[in-house]
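Results of the structural survey
So you can see what is in the structure, the chains are spelled out below.
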Amino acid sequence: MRVLLLSMPDSFEHMAPIAIRMPNGALASLAGNLDSHHEVAIADLVLVQGRVGATVTRLIGELEPDVVGLSVMTFQRATAFAVAELVRRLAPNAHIVAGGYDPSLAPDVYSPATAIDILVRGEGEHTFRELIRALDGGCQLSAIAGLSYRPTAGAALVHNPERHVRRLAAEPLGLPRRAARVLDGYTLLGRRVDVVETSRGCTFDCSFCSIIEMRGRNFHPYPIERVLDDIADARHHGAEAIFLVDDNITLDVKRFERLCEAIVERGLEGLEYFVQAMTAPLAEHGAKLAPLMRRAGFRYVFLGIENILADDLAFLKATAKNAQREHGRTVGNASISAIQHLHENGMYVVGGLIVGNPDDTRESIEANLAFAREYVDWPYIQHPTPYPRTPMTETFRQRGLIVEDDVSRYDGTTAVVRTEHVTADEVEFMRWRAERWMKVRHMPVAVVHSPGFVLRHGLSMLRHTFAGTSLRSLLGFEDEHVSFERFREVRRRERAAAVS
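Residues numbered from 1 in each chain as written. Predicted model: local features only at pLDDT ≥ 70, side-chain atom pairs only at ≥ 80, totals over all residues. Heavy atoms only, no water.

**Focus: the overall build of the protein**
Along the backbone of the protein there are 18 helices and 19 strands. With the principal axes as the frame, the protein shows a C-alpha extent of 60 × 55 × 50 Å. By residue count, 58% of the 500 residues in the protein fall in the buried class. Surface accessibility of the protein: about 20,300 Å² in total, with carbon and sulfur atoms responsible for 53%. (Helix = DSSP H or I, 4+ residues; strand = E, 2+ residues; numbered from the N terminus. Buried < 20%, exposed > 50% of the residue type's maximum accessible area, 1.4 Å probe, protein only. Areas by Shrake-Rupley, 256 points an atom, 1.4 Å probe, with all protein chains shown as cover.)

**Considering the pattern of salt bridges**
Counted by the stated rule, this structure contains 42 salt bridges. Between R178 and D194 there is a salt bridge whose closest N-O contact spans 2.8 Å. Linking R178 in the loop between strand 8 (158–159) and strand 9 (187–188) with D194 in strand 10 (residues 193–196), this pair joins segments that are 16 residues apart in sequence. Owing to a relative accessible area of 4%, R178 belongs among the buried residues under this scheme. Here E435 and R431 are joined by a salt bridge, their closest N and O atoms 2.8 Å apart. With E435 and R431 both in helix 14 (residues 424–441) and four residues apart, the pair spans about one turn of that helix. (Salt bridge = Lys/Arg side-chain N within 4 Å of Asp/Glu carboxyl O.)

**Here we look at the sheet that holds strand 8**
Taken in spatial order, the seven strands of this open sheet run 3-1-4-5-6-7-8, and their pairing is mixed. Each edge of the sheet is formed by a strand with only one pairing partner; in this case those strands are strand 3 (39–44) and strand 8. Pairing between strand 1 (residues 2–7) and strand 4 (residues 67–71): five bridges, direction parallel. Note on strand 4: the bridge partner recorded for V3 is V67. (Pairing = 2+ DSSP bridges.)

**So, the pairing of strand 14 (residues 272–277)**
Most of strand 14 is tucked away: five of the six residues are buried. In the sheet, strand 13 (residues 241–244) pairs with strand 14 via four bridges, with the strands oriented parallel. Counted as the bridge partner of L244 is V275 from strand 14. Inspection of the sheet shows strand 14 paired to strand 15 (residues 298–306) by five bridges, in the parallel sense. Along strand 15, the bridge assignment pairs V275 with V301. In terms of handedness, the path from strand 14 via helix 9 (residues 279–296) over to strand 15 forms a crossover that is right-handed. (Right-handed = clockwise from strand over helix to strand, strands pointing away.)

**A short note on the packing of aromatic side chains**
Summed over the entire model, instances satisfying the criterion amount to 15 aromatic pairs. Between the aromatic rings of F429 and W432, the centroid separation amounts to 5.8 Å while the plane-to-plane angle is 35°, which identifies the pairing as tilted. Placement of the pair is F429 and W432 together in helix 14, with a separation of three residues, close to one helical turn. Assigned by exposure class, F429 and W432 land together as buried. Note on W437 and F466: the rings are 5.0 Å apart at their centroids and 70° apart in plane angle, and the pair reads as edge-to-face. Taken together, the residues W437 in helix 14 and F466 in the loop between helix 16 (451–465) and helix 17 (471–474) connect sequence positions 29 residues apart. (Phe/Tyr/Trp six-rings, centres within 6.5 Å; stacked < 30°, edge-to-face > 60°.)

**Looking at the side chain of S337**
Inspection of the secondary structure assignment puts S337 in helix 11 (residues 335–344). If we skip the residues at most four places from it in the chain, S337 touches A283 and Q324. (Contact = heavy atoms within 4.5 Å.)

**With respect to helix 8 (residues 253–265)**
With 13 residues, helix 8 extends 18 Å from end C-alpha to end C-alpha; this agrees with the ideal 18 Å at 1.5 Å per step. All of the buried residues in helix 8 are V253, R255, F256, E257, L259, C260, A262 and I263. Following helix 8 by one or two positions, G267 has its phi on the positive side, about 75°. (Expected span 1.5 Å × (residues − 1).)

**As for the sheet that holds strand 10**
Spatially, six strands are ordered 10-13-14-15-18-19 in an open sheet, and the strand pairing comes out parallel. Two strands bound the open sheet, and with one partner strand each, they are strand 10 and strand 19 (378–382). With strand direction ignored, the average angle separating the axes of adjacent strands in the sheet is 20°. (Axes fitted to C-alpha atoms, helices over the stretch in contact; angles between N-to-C directions.)

**Thoughts on the pairing of strand 13**
With burial as the criterion, each face of strand 13 is covered, one bearing A241 and F243 and the other bearing I242 and L244. As defined by bridge partners, strand 10 adjoins strand 13 across four bridges and the pair is classed as parallel. For V195, the partnering residue across the bridge sits in strand 13 and is F243. In this view, the connection linking strand 13 to its parallel neighbour strand 14 by way of helix 8 has right-handed handedness.

**Quick word on the nonpolar core**
F256, I263, L282, M293, F298, V301 and L303 are the most contacted members of the largest nonpolar core, which totals 61 residues. No other element matches the eight residues that helix 9 contributes to this core. L4, A19, L86 and A94 belong to the second largest nonpolar core, which has 53 residues in total. (Core = buried A, V, L, I, M, F, W, Y, C linked by side-chain atoms within 4.5 Å.)

Dropping the structure here:
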């Protein structure tokens, strides 16, 4: 069969699209675990923002796919529906399949989207492989675990039982099929970038997170040799930087240490590595772990600080993973110790914080922003967002704090909930006002790291960061709220243009 896999073009606000365009690793993994006789093409539509319709039309015409798969996050739902409608007009006989976080966690909302025939819920590799085999052989879909399908055209979706989570150490998947990508231009600050997964899952139950709803509370690592083969394959396909996309790689610190050592032993330390990590393990083990990370080539660490205030951490159910411990006792927040270990070893911190929680005041929000100004190198500050089935969603709903039901705005940087004390607009304004200058402060590091890239694209990055800002507002002759409203209008136009 001929299969075309598409990721959606909608992107996050935290960095200009020209500076960061990541491949969708899940689609490459789906392609790598299909039977080899099928023809597969992958198109990450983030690479063609503003040319989505023309690109999809060209690909459908050239490839004539029997199956078109869409990878969808919640804020991309409306885009996915529009892309599915376009594909249906261009290829009326193709099977259109949606998968990813949103179809997995909110499958019922896809019933009215009749252009989409089938959903793949949860881990997709084996479900999708069985689906393609069934479609190729004309078999029934009712026996495929993890699948939702329409028994007849236009009928409501029928949901098959869940598929069990695979133990990756005992049942490792095939490597991603990177050669199936048909678009080019993946970049991270001027470096050609790829993604690699070393484990799946998390055993914490943070209230803002969708992972445990997708797969339960578990942690399954790949064998180290398989991870090294994956990194080597990414390098073979041109990668200069690797983003390790694990849900929680620091759950097993000893394994992470072995991975760093193995990267060096395999001669893969010449790449630049970016990773997500918890604060507590880095605070406790950073004296040994951070030097190993630096020797292996790690440059940026997305640190899940979440919040520096105890009450907010309790609401986020993130206290345990951010607690600093000595002799088995909790003695405070682990963030500063973790950051110090990373900075002492020449790495930069992308600070992940969440502001705008139910009981936040202006003072508590400002306390977190002040912490970010002092300690983090690049801000990744988000607002709590009521994603489908996350524990915090019910809390916000019960307290009447959700102010926006349009999930296309559920991108993490649009405030769609208010607090008991601060409006959603003001929460978002406070974050926006603070983040701009934190990003500018990091620009010299980017110049040293990628002088040619910054020379070519620095103005575009600054325009993205300061969208809506005027000279009058910079000089204090205009209320910053006026600039903020212009910024939001610019973003609305950019989002609309990106998915067209």
